[in-house]
Amino acid sequence: MRTKRAEAATREAVEQNDRIMTDVTRLQRAEQETREAVEQRDRFLAMLSHELRNPLGAIVNAAGVLE
């Protein structure tokens, strides 16, 4: 039969494990959000650098469509 001290220690360990698992889940979610933000930034910068290489490209294309 377990003693009260052992039962309390078990309960405390389970609670601590639950807190750790919650923290791990929160950190994993934050990591995924960070990865997505970095991916969006990279796509934006790629598009921006493409447009800056040929700043008149969009104007020429629009003029061609209007003709």
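All values reported here derive from a predicted model rather than from experimental measurement.

Turning our attention to the overall build of the chain. Along its length, the chain carries two helices and zero strands. What you see for the chain is a C-alpha radius of gyration of 28 Å, clearly larger than the 11 Å of a compact globule of 67 residues, by over 25%. For the chain, the spread of C-alpha atoms along the three principal axes comes to 90 × 20 × 10 Å. Of all 67 residues assigned to the chain, the portion counted as buried reaches 1%. Across the chain, 11 positive and 12 negative side-chain charges occur, with their mean positions spaced 11 Å apart.

Scanning all chains against the criterion turns up four salt bridges. Across the salt bridge formed by D23 and R26, the nearest N and O atoms sit 3.0 Å from each other. Taken together, the positions of D23 and R26, both in helix α1 (residues 4–53) and three residues apart, correspond to about one turn of that helix. Take R26: its relative accessible area is 48%, and that puts it in the partly exposed class.

Thresholds, definitions, all that
- Residue positions are counted from 1 within each chain, in the order its sequence is given.
- In keeping with the model being predicted, local features are shown solely for residues with a pLDDT of at least 70 and side-chain atom pairs are shown and tallied solely at 80 or more, while totals for entire chains, interfaces and linings include all residues.
- In computing side-chain properties, one takes all heavy atoms of the structure into account and sets aside hydrogens as well as water.
- By definition, any uninterrupted DSSP run of H or I lasting at least four residues is a helix, any uninterrupted run of E lasting at least two residues is a strand, and each is numbered from the N terminus.
- Only C-alpha atoms enter the radius of gyration, while the globule expectation follows 2.2 Å times N to the 0.38, with N the number of residues.
- Between buried and exposed lies partly exposed: a residue is buried under 20% and exposed over 50% of the maximum accessible area for its type, with that area taken using a 1.4 Å probe on protein chains only.
- In this tally Asp and Glu are treated as negative and Lys and Arg as positive; neither His nor the chain ends contributes.
- Every charge is mapped to an atom, namely NZ of Lys, CZ of Arg, CG of Asp or CD of Glu.
- In the sections that follow, a salt bridge refers to a side-chain nitrogen of Lys or Arg positioned within 4 Å of a carboxyl oxygen of Asp or Glu.

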